[in-house]
Amino acid sequence: RGAAKEKINDYHGAIADYTTALGINSRIIDAYNNRGLAKEKINDYLGAVGDFTEAIRLQPKSFLAYNNRGFARGVLKDYLGSIADFTEAIRINPDYLEARINRGNTNGFLKKYENAILDYTEAIRIRPEFGPAYYNRAVAKIQWGRQLDACEDLHKAVELKLINAEKMLQKYCR
């Protein structure tokens, strides 16, 4: 029932249903993960971190829970914890695109542009037609002072129909 309530944006109801399910069986990993996601929707990121941590305790190889916790930690400005969680998700599942993008975004936010570029490059290796990876890599290259290198990525992002890429292309790659 929690998932059905989430679909109609009743996040408080979903959280209550997941909590009821966990009261019956406290080892339902998906209930912790899904309740954490619902808590994020109501901006309870600290509660979400707790649920994702419990999912990880029950299933230490849950790359989804690590990725989700990494996202929530980032919102809470625990950037080192966020990077550590994304890194663990990638260690468990090296081809998990979302964790690569999330870690790249966090590295970019921390001005670790070289690391961000490496993450986006890996994301492109995993899924060569994923436009946001080209766009994000271009932004990181521009921020790192490699504007000319960014143009190839912006051209590819435009080819893949990313709207923002066209504006960036016009601004940086005349």
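Quick look at the structure, then.

The rules we used
Residues numbered from 1 in each chain as written. Predicted model: local features only at pLDDT ≥ 70, side-chain atom pairs only at ≥ 80, totals over all residues. Heavy atoms only, no water. Phe/Tyr/Trp six-rings, centres within 6.5 Å; stacked < 30°, edge-to-face > 60°. Helix = DSSP H or I, 4+ residues; strand = E, 2+ residues; numbered from the N terminus. Buried < 20%, exposed > 50% of the residue type's maximum accessible area, 1.4 Å probe, protein only. Contact = heavy atoms within 4.5 Å. Disulfide = S-S within 2.5 Å.

With the rule as written, the count across this model stands at 2 aromatic pairs. With centroids separated by 4.8 Å and ring planes inclined at 65 degrees, the aromatic side chains of F63 and Y96 adopt a geometry described as edge-to-face. Residue F63 is located in helix α5 (residues 63-75), and its partner Y96 is located in the loop between α6 (79-92) and α7 (97-109); the two are separated by 33 residues in the primary sequence. Given the relative accessible area of 12%, Y96 is considered buried. For the ring pair Y79 and F109, a centre distance of 4.9 Å and an interplane angle of 45 degrees mean the geometry is tilted. Pair noted here: Y79 is in helix α6 and F109 is in helix α7, with a separation of 30 residues, a long-range link.

This part covers the side chain of K141. Mapped onto the secondary structure, K141 falls in helix α9 (residues 131-143). Excluding residues within four positions of it along the chain, K141 makes contact with I117, R146, Q147, D149, A150 and D153.

Per the counting criterion, the structure on display carries 1 disulfide. The side chain of C151 participates in a disulfide bridge whose partner is C173; the two sulfur atoms lie 2.0 Å from each other. Sign of the S-S torsion, about -100 degrees for the bond between C151 and C173, identifies this disulfide as left-handed. Residue C151 is found in helix α10 (residues 147-159), and its partner C173 is found in the segment after α11 (163-172); the two are separated by 22 residues along the sequence. For the pair C151 and C173, one class covers both residues: buried.

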